[in-house]
Structures are given as C-alpha cells and as structure tokens.
Amino acid sequence: MENEWTVTPWIFGIAQPTENGYEVRFFHVQRRDCATLVPIILKHVVPGTTVWSDEWVAYKNLQTQYGYDHET
C-alpha cells in the first residue's frame, strides 16, 4: 500500500538573497530525483553559485559535474 509520501507531488524551492530579502521560486515536481531537480537548478541558478541544500542524493553531483559550489 502506498502512503502519502509516495503519491503526493513535491514542491521544490530556490531562494536567492537580494537587497530587500529573498527572491523565491517554487516548482511543483512529481519526483525529487536528480533527473527532475538538476535541470531546474541548471535553468535557474548560474554555474559557480554556492548552492546550499540538505544531503539529499539528487544534489551529490552539483559540484563535481555541474560547476556549482555545493554546501550542506
């Protein structure tokens, strides 16, 4: 039996500091895997930017493969 964590869509967010606070973008995603999240990051975050995230496995190659400074 599936629980709500396996069937509920996810919200993925990006926050960028600005002079007046943060610019925040949210994305409705069906999966939270590398194939889903990395293309969003590539489209909305400039390479070389420091990306802060949790240690979710989908982010493991942001630094080595995509040129971001990845911190957790």
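Residues numbered from 1 in each chain as written. Predicted model: local features only at pLDDT ≥ 70, side-chain atom pairs only at ≥ 80, totals over all residues. Heavy atoms only, no water.

The name given to the protein in an unreviewed UniProt entry is ISXO2-like transposase domain-containing protein, and the organism recorded there is Didymodactylos carnosus.

K.L.:
What am I meant to see in the pattern of salt bridges here?
P.N.:
Oppositely charged side chains can pair when the atoms bearing their charge come close. Under the defined criterion, the tally for this structure stands at 1 salt bridge. Here arginine 25 makes a salt bridge to glutamate 23, at a shortest N to O gap of 2.7 Å. Taking relative accessible area as the criterion, arginine 25 reaches 34% and is therefore assigned partly exposed. (Salt bridge = Lys/Arg side-chain N within 4 Å of Asp/Glu carboxyl O. Buried < 20%, exposed > 50% of the residue type's maximum accessible area, 1.4 Å probe, protein only.)

K.L.:
Help me out: how do you make sense of the environment of valine 57 in this one?
P.N.:
Within the secondary structure layout, valine 57 lies in the loop between β3 (50–52) and β4 (69–71). Put simply, valine 57 and alanine 35 are 22 residues apart on the chain and 11 Å apart in space, counted from C-alpha to C-alpha. (Helix = DSSP H or I, 4+ residues; strand = E, 2+ residues; numbered from the N terminus.)

K.L.:
How should I be thinking about the pairing of strand β2 (residues 21–29) in this particular structure?
P.N.:
Side-chain direction in a regular strand flips from residue to residue, so the side chains alternate between the two faces of the sheet. Direction of pairing for strand β1 (residues 10–18) relative to β2: antiparallel, over a ladder of 9 bridges. Pairing of glutamine 16 across the sheet is with glutamate 23, part of β2. Linking β1 back to β2 in an antiparallel pair, the connection comprises 2 residues. (Pairing = 2+ DSSP bridges.)

K.L.:
Just to check I follow, could you spell out a nonpolar patch on the surface for this structure?
P.N.:
A cluster of nonpolar side chains, Ile11, Tyr22, Val24 and Phe26, forms an exposed patch at the surface whose accessible area comes to about 490 Å². Judged by its relative accessible area of 57%, isoleucine 11 is exposed. (Patch = residues over 30% accessible without salt bridge, like charges linked within 9 Å, V, L, I, M, F, W, Y side chains within 5 Å. Areas by Shrake-Rupley, 256 points an atom, 1.4 Å probe, with all protein chains shown as cover.)

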